[in-house]
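As a plain string of letters, each chain reads:
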Amino acid sequence: MLSTHSFQALRRGLRTKAAAAVCLAMAGLMALAALGQPSPADYDVKAGYLFNFGKFLRISGDAITPRRASFDICVLGHDYMGQVLDDLAANQSIDGRPVRILRVADAYAASECDIVFISPDEGDGIPLDLDAIGRADVLTVGDSPDFLKYGGMIQFVVKDNHVRFAVNLEAVNRTHLVLSSELLRVASSVTGRPPAEAQP
Amino acid sequence: MKLWNRHTIAGKLMRLNLQVTGTALVLAYLAFLAYDLYTLRKDMISSLATEAGIVGENCVTALVFDDQQAAEATLSALEHSPHIRWAVIERADGSVFARYTHTGQASPDLKTSLRPRQSMAYWTRGSNLLLGSRIVLQGRSLGAVYLLAETSELAHRAGQFGLLSALILVLCSIIAVVATSNFRLLVTRPLTELAGTAQVVSRERDYSIRAPLPRSRDELALLVQSFNEMLEQIQQRDHALEDSRNELEQRVRERTAELTEANKELEAFSYTVAHDLRGPLQHITNIAFMLEGGNSASLGAEAQALLGKLVEGTNGMSALIDDLLNLSRATSAPIRRTAIDLSVMAEAILDSLRADEPLRQSQLSVAMGAQAFADEGLMVVVLENLLRNAWKYTSKIEVAQIEFGYAENGEGTVYFVRDNGAGFNPRYADRLFRPFQRLHSPNEFPGTGIGLATALRIVARHGGRIWAEGRVDYGAAFYFTLPNDREA
């Protein structure tokens, strides 16, 4: 039988250990943030955004690409989002099409998707991937610092601990894709102008 | 209603007008106000829902991409809707995502929220209206927007309505007053005039008055016209009645004058005749007397018998003349009333009658103390006529009973003369007092037939009454009254 005193001592010991663990974790996070590395929590938010971009995306009437039966959201490179993205898309449909989450191995496969997230792990390969995708009607999304400069369409940025995104309309306008002006309204920055006929 | 009875027709109409218009106006005001407030509230809710919808739609991406700044920027556009006091955008989990407060307003305090599956709802918060609207993207709820709007507009609208209604009420009252005065001119005034005319006619019985005809040609004009026609007819009848009455009076006056004249002439004539006959008659009497007295021996028996008849005739004629003169005097002589004792008078007359025929057996009684206030000379004539008649008509009775008496009854003193003589048939009692009317032949009882007529006239001139009772062979009784005018 444990005495009250010894129980409290035990509890105090446990609490000390928990506090130490929390401190360690916070220190790790702060170190990650200082390095400019996105945290795992950010990837949950990014997964949500990625899924939601589809709702503000359409293809202009003069596109010749045949309409696919499913709405495919692909991840190229290392998948940081993991199960979160699958959970979000489960039993969901966009534009009347069921949403599929695909992990693709190369840019050619990616050009068959509706939205592709190019993992920062691709590194120097990102410009090559973007070139490979070319003018295919695929919304390219990334979170590496020069993603837009390389010709990507949407780049996640972290501002005041909030995940935001910047839009490169010039890249979008090279395809038949049209981004809703509402989406542009909440973008942290937009480069280029939307085409006149693309205005909703 | 009792209070109403005292008002004139015009007043009643004005009150009625005012009541009807007032009630209609108040009811209309209430109905319009209720309808207006209802529609205004509905419009307000609908416009608020629209605003909430627009705000929600504009906040979809902000919610999806967790951009509070964008949401607040959207909300700040509500600045242009001053009636919205505050707005709140809620996340799907119920936490506040963005808020907006109109300058000078208290910070939002959301106590209510939409139930799951509810897309829109509103609540009344005092004088304010809170509306919540769900924000949905492709069938998924992202959150909700709540707007609190003030409804002072409603109260303002009610006040304006009230002011307008009061203005209309005043206007209607003025119209009612004007309309009533018009009505008074058209209906009430002719009616009042008609009533006034009817009153004057009924009070003064002047049927020459006419009610003024109203200008309008309605039932009222017909009424006034009928009334005037009725007056016309009454007036005509009145005239005819008066004319015939005047004619009748005139005729009576004429007849009376004629009769009076004829009567006077007759009296004068009879007096003259009676008076003038006296002289010649006296001559005849004197000659007969001289013949009888001086030369009776030289006359034959036949001549003497004729002479006797002559004397008898002249005596009768003399009596007739006396009676006629009495009658004439009774008619025309002025009455000089004095206090007299009829008992004494009657006794004296009876004494003289008895002295004339001392051989007759008679029982004469006179009740003493029959006082009267009358003309002495005329009353002597009356009593003499009555007592002499009694004496005459008892002449064939063995023992004559003649009584003068008096008694009191309801109309004063009734004097009477009663006898046990020949009496008369009561059927002809009224004929007794007519001149020259006799119930007995002169052979039975001599007489002129003027005595009772004279008595009647004298008693009548004293204001009294005379009448007779009797039966054949059972005597007669004559009653008369003399109203005692001494006190008068």
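Treat the numbers as computed from the prediction; the structure is a model and nothing was measured. (Residues numbered from 1 in each chain as written. Chains lettered and ligands numbered in written order. Predicted model: local features only at pLDDT ≥ 70, side-chain atom pairs only at ≥ 80, totals over all residues.)

Draft legend 1. Region of the structure containing the overall build of chain B. If you tally the helices and strands in chain B, you get 10 helices and 12 strands. A burial count over chain B gives 24% of its 488 residues as buried. Taking all contacts inside chain B whose residues are at least 6 apart in sequence as the whole, residues at least 24 apart take part in 63%. (Helix = DSSP H or I, 4+ residues; strand = E, 2+ residues; numbered from the N terminus. Buried ≥ 20, exposed ≤ 12 C-beta atoms within 10 Å, placed from the backbone. Contact = placed C-beta atoms within 7 Å.)

Draft legend 2. Local environment of the environment of Gly449 of chain B. By secondary structure assignment, the location of Gly449 of chain B is in the loop between strand S10 (412–419) and helix H10 (451–461). Beyond its immediate stretch of four places on either side in the chain, Gly449 of chain B contacts Pro435, Phe436, Gln437 and Arg438 of chain B.

Draft legend 3. Representation of the sheet that holds strand S7 (residues 362–366) of chain B in the model. All names here are of chain B. With respect to topology, five strands assemble into an open sheet ordered S7-S9-S10-S12-S11, the strand pairing being mixed. The open sheet terminates on both sides in strands that have one partner only, identified here as S7 and strand S11 (466–470). Taken pair by pair, the neighbouring strands of this sheet meet at an average axis angle of 20 degrees, ignoring direction. Sheet topology note: the strand S9 (residues 400–409)/S10 ladder contains eight bridges and is antiparallel. Residue pairing for S10: Glu403 is matched across the bridge by Arg418. Sheet contacts for helix H9 (residues 376–393): S9, S10 and strand S12 (476–481); angle to S10, the most-contacted strand, approximately 25 degrees. (Pairing = 2+ DSSP bridges. Axes fitted to C-alpha atoms, helices over the stretch in contact; angles between N-to-C directions.)

Draft legend 4. Geometry of the interface of chain B and chain A. Each partner contributes residues to the interface: chain B has 10 residues there, and chain A has nine residues. If you tally residues by element for the side of chain B that touches chain A, the top one is helix H3 (residues 60–64) of chain B, at four residues. Class assignment of the residues belonging to the side of chain B that touches chain A gives a composition of six nonpolar, two polar and two charged. (Nonpolar A, V, L, I, M, F, W, Y, C, P; charged D, E, K, R; others polar.)

Draft legend 5. Molecular detail of the packing of helix H7 (residues 301–332) of chain B against H10 of chain B. Residue and element names in this part refer to chain B. Interhelical geometry of H7 versus H10 gives an angle of 15 degrees and a closest axis separation of 9 Å. Judged by the angle between their axes, H7 and H10 are roughly parallel. In terms of crossing hand, the pair formed by H7 and H10 is left-handed. Only Gly451, Ala453, Thr454, Arg457 and Ile458 of H10 make contact with H7, whose side of the interface consists of Asp323, Asn326, Leu327, Ala330 and Thr331. Along the lines of polarity and charge, the residues of the contact of H7 with H10 split into four nonpolar, four polar and two charged. (Parallel < 35°, antiparallel > 145°, perpendicular 65-115°, else oblique. Left-handed = near helix turned anticlockwise from the far one by under 90°.)

Draft legend 6. Structural view of the packing of helix H8 (residues 342–356) of chain B against H9 of chain B. Residues and elements named next belong to chain B. The contact between H8 and H9 brings their axes to 10 Å, and the two run at 45 degrees. In this view, H8 runs oblique relative to H9, as classed from their interaxial angle. In the crossing of H8 with H9, the sense of the turn from one axis to the other is right-handed. Along the contact surface, H8 presents Leu342, Met345, Ala346, Ile349, Leu350 and Leu353, while H9 presents Met379, Val380, Leu383, Glu384, Leu387, Arg388 and Trp391. Class assignment of the residues belonging to the contact of H8 with H9 gives a composition of 11 nonpolar, no polar and two charged.

Draft legend 7. Region of the structure containing helix H5 (residues 126–133) of chain A. Residues and elements named next belong to chain A. Turning to H5, its buried residues number three or more, namely Ile126, Asp129, Leu130 and Ile133. With its buried residues spanning 95 degrees around the axis, H5 presents them on a single face. H5 presents Leu128 and Asp131 as exposed residues on the side facing more than 90 degrees away from its buried surface. Looking at the buried positions of H5, the neighbouring elements they touch are strand S2 (71–76), helix H4 (107–110), strand S5 (115–118) and strand S6 (139–142). Downstream of H5 by one or two residues, Gly134 has phi in the positive range, about 60 degrees. (Arc of directions from axis to C-beta.)

Draft legend 8. Region of interest: helix H5 (residues 152–204) of chain B. Residue and element names in this part refer to chain B. Taking 1.5 Å as the rise per residue, H5 with 53 residues should run 78 Å; its terminal C-alpha atoms sit 72 Å apart, in good agreement. Arg184 marks where H5 bends most, by close to 50 degrees. Turning to H5, its buried residues number three or more, namely Ala176, Thr180 and Pro190. Arg205 lies just past H5 and shows a positive phi near 55 degrees. (Expected span 1.5 Å × (residues − 1). Bend = angle between axes of the 7 residues up to and from the residue.)

Draft legend 9. Broad picture of the confidence of the model for chain A. Residues and elements named next belong to chain A. Per-chain confidence: chain A averages 80 in pLDDT, with 76% of residues scoring 70 or above. Low pLDDT (under 50) marks residues 1–10, which in the prediction has one contact with non-local residues, meaning those over four places away or in another chain. A low-confidence stretch, residues 28–36 (pLDDT under 50), is modelled with four contacts involving residues beyond four sequence positions or located in other chains. (pLDDT = per-residue confidence, 0-100.)

Draft legend 10. Examining the sheet that holds strand S4 (residues 97–104) of chain A more closely. Residues and elements named next belong to chain A. Taken together, eight strands build an open sheet; the order of strands is S3-S4-S2-S5-S6-S7-S8-S10 and the sheet is mixed. If you trace the sheet from one side to the other, it starts and ends with strand S3 (93–94) and strand S10 (189–191), each paired once. Bridging between S2 and S4 involves six bridges; their strand directions are parallel. If you follow Cys74 over to S4, its bridge partner there is Leu102.

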